Amino acid sequence: MFHLPTKVFFGNGKIEELKNLPFEVKRAFIVTDKGVLNAGLIDGITQQLIAAGISYEIYSDVEPDPSVETVDKAAMAFHKADCDLIISIGGGSPIDTAKGVRAVASNGGSIRDYAGNNMVKKAADIPFVAIPTTSGTGSEVTIFAVFSDWNENRKVTVVSPHLSPDISIVDPMLTITAPPSITAAAGFDAFAHAAETFVSRAAQPASDALALSAMKTVYDYLRRAVFEGHDVEARTKMAEASLLAGMAFNQSYLGLAHAIGSAISGHAHVSHGVSIGLLLPSVMEYNLVSRIDKYQQIGNILFDTRNLSKRETAEKVVAEVRQLRDDLLLPRRLKDVQVKEEQLKGIADDSIKSGMWKFNPREASVEDIQQLLKQIF
């Protein structure tokens, strides 16, 4: 089954579609962060809302890897502001926060109450528009939202079809000002979404096609987007890749890199994209023996494989992914991002609690994960 409940507007200048929202609304609750606000990216949005006769309230207290407390506070602010529309603008953090706000506003309680699969029982009657300003998370089209519970050093994942935005406006011009470090981490995460869903136990032909296209596009354009940030073609292609990868893993889920990455972020407060950069090459190497045929398919779209055996192609895929990570100047070692050796056991224990762990193509025990973590420590 393939399901995409979100209507997507894609392309340069598509932010103008805000003028044509198909909702009868009077007041918008805009969820964003200080970086987006200070960059002035919100100005064009508020001007369009005013022109359409829609007033607005801005909530900009969203931090990276937002906490459950942030979501609950934002939901309270939404109620006080008496709004009937939610608009998120930013990276995955504001978009996920907006998803949480709508779930709590429609169902009550705290976002903690909805951790897990299909715990959000009621579809929201509050329209929701997502506008990404980074290329990586794919959150603008997914049924997932991830939050941090710092009291328990863990990630809280909410999965529900009721989380998906009604409309997403993907305008690559909004990503131009994203700094190189954020572009690199987010873009590599997009590659990881595609790579993990392509070999997932739940992979299907439609998600495979999306994932292959996303991987090829990231491989070809991410370096340019990072080191030539005003390259409009590279930014546009990365926005496309992020969207396609999000559509892919929305159907077929992820794997071990995201399971472990979630635990690393929870225990050591390492940002999600950086965690994935640390993990993906080694996880792909671990999974290679279980999906050599699929790794060969990846190799066929990335480089000339005519003189390579199937095994050599698969191994070169892993090497190329590791080189991409290194070219982007993302961290290579856990200790480089202040992960402590004594944290590895707890990270391994929590990795197998992630829903994504069971979709990994090769089984991984706590001991296997610990060994993998030691290799990249």
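Data block above holds the structure.
So, here is what we can say about the structure in this document. All of these numbers come straight from a predicted model, not from anything done at the bench.

**Brief notes about helix 11 (residues 310-327)**
Here comes step 1: With 18 residues, helix 11 should reach 26 Å at 1.5 Å per residue; the first-to-last C-alpha distance of 26 Å fits that figure.
Here comes step 2: Of all the positions in helix 11, only Thr-313, Ala-314, Val-317, Val-318, Glu-320, Val-321, Leu-324, Arg-325 and Asp-326 are classed as buried.
Here comes step 3: Summarising the contacts, the buried residues of helix 11 are in contact with helix 5 (180-198), helix 6 (205-227), helix 9 (272-287) and helix 10 (292-302).
Here comes step 4: Downstream of helix 11 by one or two residues, Leu-329 has phi in the positive range, about 65°.

**Considerations on unusual backbone geometry**
Here comes step 1: One non-glycine residue, Asn-153, adopts positive backbone phi at about 50°.
Here comes step 2: By the secondary structure assignment, Asn-153 is in the loop between strand 7 (144-149) and strand 8 (154-159).
Here comes step 3: Judged by relative accessible area, which is 32%, Asn-153 ranks as partly exposed.

**Digging into the packing of aromatic side chains**
Here comes step 1: Tallied over the full model, the rule gives six aromatic pairs.
Here comes step 2: Ring geometry for Phe-29 against Phe-78: centres 5.5 Å apart, planes inclined by 85°, an arrangement best described as edge-to-face. Pair noted here: Phe-29 is in strand 2 (residues 27-31) and Phe-78 is in helix 3 (residues 68-81), with a separation of 49 residues, a long-range link.
Here comes step 3: Judged by its relative accessible area of 1%, Phe-29 is buried.
Here comes step 4: Each ring, one from Tyr-253 and one from Phe-359, has its centre 4.6 Å from the other, and the planes form 25°; the classification is stacked. Separated by 106 residues along the polypeptide, Tyr-253 in the loop between helix 7 (232-252) and helix 8 (256-268) and Phe-359 in the loop between helix 12 (344-351) and helix 13 (366-375) bring together distant segments of the chain.
Here comes step 5: Sitting over the ring of Phe-303, Lys-316 keeps its end group 4.9 Å from the ring centre.

**A look at the side chain of Ser-160**
Here comes step 1: Within the fold, Ser-160 resides in the loop between strand 8 and strand 9 (167-170).
Here comes step 2: The class for Ser-160 is buried, based on a relative accessible area of 0%.

**Things to note about the nonpolar core**
The tendency in soluble globular proteins is for nonpolar side chains to be buried side by side.
Here comes step 1: Counting 72 residues, the largest nonpolar core has Met-215, Ile-260, Ile-264, Leu-279, Leu-280, Val-339 and Leu-373 as the members making the most contacts within it.
Here comes step 2: Once you skip the residues sitting within four places of it in the chain, Leu-279 turns out to touch Ala-257, Ile-260, Gly-261, Ile-264, Leu-372, Leu-373 and Ile-376.
Here comes step 3: Among the nonpolar cores identified, the runner-up in size contains 21 residues, and Ile-30, Ile-54, Ile-167 and Ile-169 belong to it.

**Notes on the side chain of Ser-242**
Here comes step 1: Locating Ser-242 in the fold gives a position in helix 7.
Here comes step 2: The class for Ser-242 is buried, based on a relative accessible area of 2%.
Here comes step 3: Of the polar contacts made by the side chain of Ser-242, one reaches the backbone nitrogen of Gly-136; its length is 2.8 Å.
Here comes step 4: Beyond its immediate stretch of four places on either side in the chain, Ser-242 contacts Ser-135, Gly-136, Thr-137, Gly-138, Glu-140 and Ala-190.

**A few points about the pattern of salt bridges**
Here comes step 1: All told, the structure shown has 24 salt bridges when counted by the stated rule.
Here comes step 2: Its salt-bridge partner being Glu-320, residue Lys-316 comes within 3.3 Å of it at the nearest N-O pair. Of the two residues, Lys-316 and Glu-320 both sit in helix 11, four residues apart, roughly one turn of that helix.
Here comes step 3: Residue classification places Lys-316 among the partly exposed residues on the basis of a relative accessible area of 31%.
Here comes step 4: Here Asp-326 makes a salt bridge to Arg-332, at a shortest N to O gap of 3.3 Å.

**Some points on the sheet that holds strand 8**
Here comes step 1: Strands sit in the order 5-8-7 across an open sheet of three strands; the sheet is mixed. Two strands in the sheet have a free side with no partner beyond their single neighbour: strand 5 (116-117) and strand 7.
Here comes step 2: Sheet topology note: the strand 7/strand 8 ladder contains six bridges and is antiparallel. Opposite Ala-145, over in strand 8, you have Val-158 as the bridge partner.

Reading guide: rules and limits
- Residues numbered from 1 in each chain as written.
- Predicted model: local features only at pLDDT ≥ 70, side-chain atom pairs only at ≥ 80, totals over all residues.
- Heavy atoms only, no water.
- Helix = DSSP H or I, 4+ residues; strand = E, 2+ residues; numbered from the N terminus.
- Expected span 1.5 Å × (residues − 1).
- Buried < 20%, exposed > 50% of the residue type's maximum accessible area, 1.4 Å probe, protein only.
- Contact = heavy atoms within 4.5 Å.
- Phe/Tyr/Trp six-rings, centres within 6.5 Å; stacked < 30°, edge-to-face > 60°.
- Lys NZ or Arg CZ within 6 Å of the ring centre and 35° of its normal.
- Core = buried A, V, L, I, M, F, W, Y, C linked by side-chain atoms within 4.5 Å.
- Polar contact = N/O pair within 3.5 Å; in protein donor to acceptor, adjacent residues only side chain to side chain.
- Salt bridge = Lys/Arg side-chain N within 4 Å of Asp/Glu carboxyl O.
- Pairing = 2+ DSSP bridges.

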